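Working through the structure, step by step
Spelled out, the chains give:
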Amino acid sequence: MENNNLYALFDTKFTARGDQTAFELPSGKSYSFSEISAASGRFANFLTETGAKPGDRVAVQVHKTVEAVILYLACLRAGLVYLPLNTAYKSAEIEYFLTDASPSILVCDPKDEQPLSAIASEAGVDTILTLDKAGLGSLIEKAESYPEYFETVSRASDDLAAILYTSGTTGRSKGAMLTHNNLSSNAKTLVKGWAFEQKDVLLHALPIFHVHGLFVALHCAFLSGNKVIFLDKFDADTVIEQLPKASVFMGVPTFYTRLLDSEKLNKQSCKNMRLFTAGSAPLLEETFNDFTRKTGHVILERYGMSEAGMITSNPYAGDRIAGSVGFPLDNDVRVVGEDGKVVADGEIGILEIKGPNVFKGYWQMPEKTASEFRDDGYFITGDMIRKDDRGYYRIVGRSKDLIISGGYNVYPKEIESYLDEMPGILESAVVGRPHPDFGEAVVAFVITDGTERIVEADVVDFVKNKLANFKVPKQVFFLSELPRNTMGKVQKNELRNLAEGRS
Ligand code: MCA
Ligand code: AMP
């Protein structure tokens, strides 16, 4: 039987590239392809020895290091299901993921081992391992003595490779189950569509707990055998310093606005670049145009989601249009109106998709899964699309109540549910407002019940104590009541206008 394990695809390249550099850090430290293979073999042997079996989940909340990437590869090799978690998540958020996904193994930063151990044991986690900012920890110590040879576990194409949690409109996060075939098909599509070649050098500044940094960027590099210049986080100066050595860069729009703010970005710094891509959030036309003016490069904007990887892309060869996300990649798409019928070209509807990239369903949520798929297998993205007269797709809105801040998704419902529990708050509503750095910023409107004196800092601190920083409101407004329509529904458009000072 053919082994559809995604790692088997990478393995061919890793073996061919041998002692060439796979990862280079700004410090000068590097890792060859052989070293990556050997270390992932050791990790895979060790993880298997802990008793974890193919299909078991491995939850990972660690800093961005090459060792964390090796851990991901080891999970693929051992048939374990990788479950990456944003490093910004606080204990209460982690508790939900561990309880929901019941992983066998948790890998976390050493400083979180003690605080997370009770939660992990309650959730049935068998093994806790650590990995720190420097790529050291119990995972490394324990795996060190294991052999580097590991026979990659055979996987069927629809076996799970990863679970990525995406927040839900109801406030409860859903685990999108991604199969080996979902990931490999999308990676192959992108390598071809974006003309990757072995000589490319990828400058990597994205976090590796989301689709963009982990799958889109790294899979293209692995399938092409590219060197990756690996930054532990985005920092405009470091990116500009490293750019002359690179040929491909991928970023969220905030990366591009921050790069444009720097005097040091110019045509010379981009002299060896062939491709800049943007996605995860809308790229403003102004950013697109300013970037071309300053660097001579036209950013290629693409669109995707955790449930499906990349769905559309502007062309590599052909016009890249500002404000558009290009054409469908290797998935069938249709734009559907409120009546459930496909709309005429040029009209607005919700994008529905079907293809090898589309996920298997939400982890342990059969009803939720069923409600987001049509009977004929199309997945309802919730993104509102209009096809323009040249056939380019444009995202014109979202039917889901979602804020995208600096590339991170924030579901207002989650923050509202939490704020409604704050002593002294009667009710709340959360919206996004335009933000020059993050694209959108989280803003909260609260109604107090008059029992205690509450100021903005109290509300901010309350959220900060429990939820990831990017979900914390950047501004809080106090109202005497929330604007509602005759049906009693909160009028979020009115609140957005209020937040922008437009009413
Ligand atoms: C940090 N903060 C944020 C954000 N990031 N607030 C709102 N939105 C954010 N995204 C908080 C910090 O905690 C801090 O709060 C304050 O804002 C300022 O932080 P700063 O130092 O400026 O932030 P940073 O560390 O430089 O991070 C900003 C960032 C980062 C580099 C833009 O957010 C980032 O890497 N974003 C990329 C997200 C991404 O990869 N998305 C892909 C999802 P305080 O002062 O209180 O401490 S995958 C996806 O969406 C699909 C599939 C797709 O199509 O790709
Ligand atoms: P996530 O589920 O976190 O992966 O976020 C996916 C969502 O990000 C999509 O459903 C879109 O709403 C949004 N998104 C991704 N890429 C783009 C883009 N280029 N322009 C506008 N929105 C985007």
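In what follows, the structure referred to is the one given above.
A brief report on the enclosed structure follows. (Residues numbered from 1 in each chain as written. Chains lettered and ligands numbered in written order. Predicted model: local features only at pLDDT ≥ 70, side-chain atom pairs only at ≥ 80, totals over all residues. Heavy atoms only, no water.)

1. Observations regarding the site of ligand 1
Defined as follows: A single heavy atom is enough: if one lies within 4 Å of a molecule or strand, its residue is considered near that molecule or strand. In the analysis that follows, any N or O atom pair within 3.5 Å is treated as a polar contact, provided that within protein one partner can donate a hydrogen and the other can accept it, and provided that, for residues neighboring in sequence, both atoms belong to side chains. Methods summary: accessible areas were calculated by the Shrake-Rupley approach with a probe of 1.4 Å, and residue burial reflects only the protein chains presented. In this text, helices come from DSSP runs of H or I with a minimum length of four residues, and strands from runs of E with a minimum of two, each type numbered from the N-terminal end. Under the scheme applied here, ten amino acids are nonpolar (Ala, Val, Leu, Ile, Met, Phe, Trp, Tyr, Cys and Pro), four are charged (Asp, Glu, Lys and Arg), and all others, including Gly, are polar.
The immediate surroundings of ligand 1 are formed by 26 residues, with Arg 258, Ser 280, Arg 302, Ser 405 and Lys 474 found nearest. One of the side-chain N or O atoms of Ser 405 is found 2.6 Å from a nitrogen atom in ligand 1. Calculation on ligand 1 without its partners gives an accessible area of 1,000 Å², and the protein chains cover 75% of this total. If you list the elements that add at least two residues to the shell around ligand 1, you get α8 (211-224), α10 (253-260) and β13 (300-305). The residue inventory of the shell around ligand 1, partitioned by class, reads eleven nonpolar, ten polar and five charged.

2. What about the site of ligand 2?
In the region of ligand 2, 17 residues are neighbours, and Arg 302, Ser 306, Asp 383, Lys 400 and Asn 409 sit closest. Contacts to ligand 2 include Lys 400, whose side-chain N or O atom sits 2.8 Å from an oxygen atom. Contact with the protein chains covers 91% of the free accessible surface of ligand 2, which is 500 Å². Where the shell around ligand 2 is concerned, the elements lending two or more residues are β13 and β20 (393-398). With five residues, β13 is the single largest residue contributor to the shell around ligand 2. Considered class by class, the residues forming the shell around ligand 2 number seven nonpolar, five polar and five charged.

3. Digging into a negative patch on the surface
Where we set the bar: Within this analysis, patches are made of residues with over 30% relative accessible area and no salt bridge. Like charges are joined at 9 Å or less; nonpolar side chains (Val, Leu, Ile, Met, Phe, Trp, Tyr) at 5 Å or less. By salt bridge we mean one thing: a side-chain nitrogen of Lys or Arg within 4 Å of a carboxyl oxygen of Asp or Glu. For this count, His and the chain ends are skipped, Lys and Arg are scored as positive, and Asp and Glu as negative. Charge placement uses NZ in Lys and CZ in Arg. For Asp and Glu, CG and CD serve respectively.
A cluster of like negative charges, contributed by Asp 449, Glu 452, Asp 458 and Asp 461, occupies part of the molecular surface. Mapped onto the fold, Glu 452 is located in the loop between β24 (439-448) and α14 (456-466).

4. Some remarks on the sheet that holds strand β25 (residues 475-478)
Put simply, the rule is: When DSSP finds at least two bridges between two strands, those strands are taken to pair. All axes are obtained by fitting lines to C-alpha atoms, using only the stretch in contact for helices, and the reported angles, taken between N-to-C directions, cover 0 to 180 degrees. The criterion used for residue contact is that any of the two residues' heavy atoms lie within 4.5 Å.
Taken together, the three strands give an open sheet; going across it, the order is β23-β24-β25, and neighbouring strands pair in mixed fashion. The open sheet has two free edges, formed respectively by β23 (425-435) and β25, since each of these has just one partner strand. Geometrically, the sheet is characterised by an average inter-axis angle of 25 degrees between neighbouring strands, direction not taken into account. Note: β24 against β25, four bridges, orientation parallel. Bridge assignment links Ala 444 to a residue of β25, and that residue is Val 476. The sheet contacts of α14 involve β23 and β25, and relative to β25 the element is tilted by about 125 degrees. Its contacts with the sheet place helix α15 (residues 492-499) against β23, β24 and β25, and it is angled at close to 65 degrees to β23.

Don't take any of this as a statement about function, it's just geometry.
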